[in-house]
Amino acid sequence: MKKSILIIILCVSSFFFSCKKEKNPDSANPEASQSAAADSSALADNGWPRETTNNGTKLVYYQPQVDDWKDYKEITARLAFSLTPKDGKQVLGVASLTAQTLVDKDNRNVFLKNIQVTDIRFPALDEKKIPEMEKLFKETLPKGGDPISVDRILTDLNQTKNPAKGITAKNDPPQIFYSTNPAVLLIVQGEPVLVPVEKTDIQYVVNTNWDLFFDKTSKDYYLLADNIWLTSKNLNEKWVKTTKLPSGLSSLPSGQNFDDVKKMIPPPSTGAAPEVFFSNKPAELIAINGSPKFVKIPGTKLMYIDNTENDIFASEGNGQYYVLLSGRWFGSKELTGPWTYAGNKLPADFAKIPKDSPRANVLASVPGTQEAQDAVMLAQVPTMAVINKADAEAKAKVTYDGTPQFKPIEGTKMQYASNTQDKVIKVGDLYYLCFQAVWFISTSPNGPWKTADSVPKEIYTIPPSSPVYNVTYVTQTTTDTTVQSSTTAGYFGAFIIGATVGAILTYGTGFYYPPYIYYGGLYPIYRPWPYTYGGGAVYNPWTGGWAAGRRVYGPYGSAGTSAWYNPATGRYGRSASVQGWYGGRTVAESYNPWTGNYARTAQGHNAYAQWGHSAATNGNQWAQTGHITTRRGTAIGYQTSGGKEGVITHHRGGGTTVRTNNNLYAGHDGHVYKRDQNGNWSHYNNGNGGWTQAGTLGSSKKSGNQIQRNKPDQTLGGATRNTGERIQHDNLSKPDQNLGGETRNAGEGIQRDNLSRPDQTLGQPNKPLGEAGRPDVTNDLDRSAFSRNRGQTQTQNFQNFQRDGGRLGGGGGFRGGGGFRGRR
């Protein structure tokens, strides 16, 4: 067996939903649901600290404090630990680590592998014993396999890492309709694309978001909306309820996603007809159930409208209305419009919406909030797959509608293939194909395709105005036999807009890419490009993805992007097309316009649908090119770090969770700290091996937001400290060893432009331990404590959400009561 392996990932937040209306797939496949739940539990972050043993030595290690996550692939962290040798005395220490990371977005876990210990400090240990304890620590610490929640890491990074600069998106508002009566939004992109229904005079409109038919005999359209049949002579004219249908509708074929339509034939006699709003390109609908019912948001000048599925707010401060659509805010003086982009001038009260508010889900789209920072950061975390080159090349194929046609990419010398759903880019005389998140190269637009050892830099200059822009979020590296692909959220249609503190995550680029229609054969071919508006996209903070839909947007997501027709087989397919929240929702054929993937599955699929399933860890033994799966997969082949070959499956290879307080912290000064209930810090004293209480040495006891330093008569190492004076002592950290090279005086307010970096005290064994309890260190520890608490809360919330089958109600969640459409 070759040393390289074929390993595929099922670790992405891209789930696609059923074309069955309001059907719960869990009930159809309870065994699969229970098995998936068991898998999730097995891979869960079960808490901190953790304990492991080796030859009688016991190691308890506390939650790592993350300093950096380089490219979201290599992590730098420090952790506090207690080490008890066999028949020996417990000692406390601080370790600095680096490790490679593998991300499982389904379960929101990060797995550490190839952990390297770069420094160890034992503040209260005799120097002669340090080498022995260092050796025991390195032998006992797991080298990999420990899952740590993504939320624990992100909350640390949110304190230290600036968000990426946003893209140049188009934020012009779409056409926005308004209704206080029952209504639906009928979108037909461009002219209706009519395909025949076999052996009838009925034609089916394929480029729409509802079940829409045309009777060639009467020249009438028939629309099935919310179980009511409506008819009209023209798409943009008045629609009226009907109980008489053309005979051809009774002959719709079975098994081609018309089954739900057939249940409504003959038409029900009860039910009121909804108002129909028509648009020939993606649009939005604000639908309110009667007169608006406003609910005051405590502590703000904001109100939200309760009797609607939209996120609509009113500001008493400026008299404006605000609506959130695909992650973008639009404002207006009237609910009927006109609307303008308002994301850059949102009232400050939006950030004050309580986290338990029924509208707390919008916080992820409010610039500057913790939730928005989380969304932006999660979008930058990559999903990776290692794929055998030969296998990938055998499956890569492009289908054109006729002879390959190419169009220029605005602002570049490149071109993209316009008459195929696949992403083919022409760069000079070469052709590059991005197929299921893997790059291929050929001298011909028809192939044969070989995996690309490198991707031209020009490709990463494709602007957001191009329908193939999302391929710029796919990178890869290769070996002789494998290709390692890396994708981030932009590949699935989630994009960062804004910059630094104001960055938020939105759905779509905001540009409209007209669909491609080809009439060269017996049946027309309709190929939609990705869209931004018209699907009622709702952000799910747990998966970092977007879910389609509100009821008024149709059972199939958005116009066109969720409808497809295969003229080769004559079969129709319908499904929501946007990635969604956790849980298997897809039961029928699904299609994602961003990735170009089709699949039939009960659990969803990701960018690597062609490449199969896999697993890649067994305790401390890691596949050299492996990754983690959460869906009962197995590796096709592997070589572990120990040189063994075979098939491996996951079991927890790290420590066992210790049911005790996760309250030891690693200071950047090399000391071990703990925090009491009042927020005061104590450090493990290097003089007597005990704890020095807060207020005696290095206290960070707070009065409001100000830090109270040691009293004038306190001493340290023979040096007398006076408030406002700097201590100079041979055994203390020199000014240039302080954080960021800053010189600090006791009693001063601390201004910190740069956060702690791991290479400034900890990680430099040639430097003595710093003075314990300096404000720069305890301030950093305060942030660590806040992050640790928030990470624990976020982790528990996600695990509760996961156990609930991917459904959240109330504040902090998104809407859905079992189905993916509707607030109620």
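Residues numbered from 1 in each chain as written. Predicted model: local features only at pLDDT ≥ 70, side-chain atom pairs only at ≥ 80, totals over all residues. Heavy atoms only, no water.

Draft legend 1. Main features of the pairing of strand S6 (residues 109-121). Pairing geometry for strand S5 (residues 91-104) and S6, over 10 bridges, is antiparallel. Opposite Thr-98, over in S6, you have Gln-116 as the bridge partner. As paired elements, S6 and strand S7 (residues 147-149) share three bridges and run antiparallel to each other. When the bridges of S7 are listed, Phe-111 appears paired with Pro-147. (Pairing = 2+ DSSP bridges. Helix = DSSP H or I, 4+ residues; strand = E, 2+ residues; numbered from the N terminus.)

Draft legend 2. Up close: the confidence of the model for the protein. Averaged over all residues, the pLDDT of the protein is 75; the fraction at 70 or higher stands at 69%. Throughout residues 613-653 the model reports pLDDT below 50, and contacts reaching past four residues in sequence, or to other chains, amount to 142 contacts. Contacts for the low-pLDDT stretch residues 695-764, under 50 throughout, to residues beyond four places or in other chains number 135 contacts. (pLDDT = per-residue confidence, 0-100. Contact = heavy atoms within 4.5 Å.)

Draft legend 3. Representation of the pairing of strand S17 (residues 284-287) in the model. Burial of S17 is two-sided: the residues Glu-284 and Ile-286 facing one way and the residues Leu-285 and Ala-287 facing the other way are all buried. Two strands pair when backbone bridges link them, and strand S8 (residues 176-179) and S17 are joined in this way by four bridges, in the parallel orientation. Considered in S17, the bridge of Ile-176 is made with Glu-284. (Buried < 20%, exposed > 50% of the residue type's maximum accessible area, 1.4 Å probe, protein only.)

Draft legend 4. Structural view of unusual backbone geometry. With an omega of 5 degrees, the peptide bond running from Gly-337 to Pro-338 counts as cis. Of note, Pro-338 is situated in the loop between strand S22 (328-332) and strand S23 (340-341). Along the chain, Gly-447 connects to Pro-448 via a cis peptide bond; the corresponding omega equals 5 degrees. Of note, the phi angle at Asp-87 is positive, near 60 degrees, even though the residue is not glycine. The topology assignment puts Asp-87 in the loop between strand S4 (74-84) and S5. For Asp-87, a relative accessible area of 78% puts it in the exposed group. For Asn-114, which is not glycine, the phi dihedral falls at a positive 50 degrees.

Draft legend 5. Broad picture of the packing of helix H6 (residues 370-380) against helix H8 (residues 775-803). Interaxial distance between H6 and H8 falls to 14 Å at its minimum, and their mutual angle equals 75 degrees. With respect to each other, H6 and H8 are oriented roughly perpendicular. Taken together, the residues of H8 that come into contact with H6 (itself represented by Gln-370, Glu-371 and Asp-374) are Phe-786, Arg-790 and Gln-794. Of the residues that constitute the contact of H6 with H8, the class distribution is one nonpolar, two polar and three charged. (Axes fitted to C-alpha atoms, helices over the stretch in contact; angles between N-to-C directions. Parallel < 35°, antiparallel > 145°, perpendicular 65-115°, else oblique. Nonpolar A, V, L, I, M, F, W, Y, C, P; charged D, E, K, R; others polar.)

Draft legend 6. Structural context of the environment of Arg-675. Mapped onto the secondary structure, Arg-675 falls in strand S47 (residues 672-675). In this structure, the C-alpha to C-alpha distance between Arg-675 and Asn-663, residues 12 residues apart in sequence, is 6.6 Å.

Draft legend 7. Quick look at the nonpolar core. Membership of the largest hydrophobic core comes to 43 residues, with the highest contact counts inside it found for Ile-425, Trp-439, Ile-459, Ile-462 and Leu-505. Those elements that provide at least two residues to this core are H6, strand S27 (423-427), strand S28 (430-435), strand S33 (494-497), strand S34 (504-507) and strand S37 (537-540). Residue contacts for Ile-459: discarding those within four places in its chain leaves Met-414, Ile-425, Val-427, Tyr-432, Trp-439, Val-471 and Thr-472. Core analysis: the second largest hydrophobic core is formed by 35 residues, Val-103, Ile-130, Leu-154 and Leu-157 among them. (Core = buried A, V, L, I, M, F, W, Y, C linked by side-chain atoms within 4.5 Å.)

Draft legend 8. Layout of the sheet that holds strand S49 (residues 691-692). Here we have four strands laid out as an open sheet, ordered S46-S47-S48-S49, and antiparallel in their pairing. Only two strands of the sheet have a single partner each, and these edge strands are strand S46 (664-666) and S49. Taken together, the three bridges between S46 and S47 define a ladder with antiparallel strand orientation. Within the sheet, the bridge partner assigned to Leu-664 lies in S47 and is Lys-674. Where H8 meets the sheet, its contacts fall on S46, S47 and strand S48 (681-684), and the angle it forms with S46 comes to roughly 130 degrees.

Draft legend 9. Spotlight on the packing of aromatic side chains. One pass over the structure, following the stated rule, counts 28 aromatic pairs. Ring geometry for Phe-81 and Phe-122: centres 5.6 Å apart, planes at 85 degrees, overall edge-to-face. Of this pair, Phe-81 sits in strand S4 while Phe-122 is found in the loop between S6 and helix H3 (130-140), placing the two residues 41 residues apart along the sequence. Comparing Phe-81 with Phe-122, the two get one shared label, buried. (Phe/Tyr/Trp six-rings, centres within 6.5 Å; stacked < 30°, edge-to-face > 60°.)

Draft legend 10. Broad picture of H3. Looking at H3, one finds that the buried residues are Ile-130, Met-133, Leu-136, Phe-137 and Thr-140. Down the axis of H3, the buried set is contained in an arc of 125 degrees. They therefore lie on one face. Of the exposed residues in H3, those oriented more than 90 degrees away from the buried face are Pro-131 and Lys-135. In this structure, the buried side of H3 is in contact with strand S1 (50-54), strand S2 (57-61), S4, S5 and S6. (Arc of directions from axis to C-beta.)

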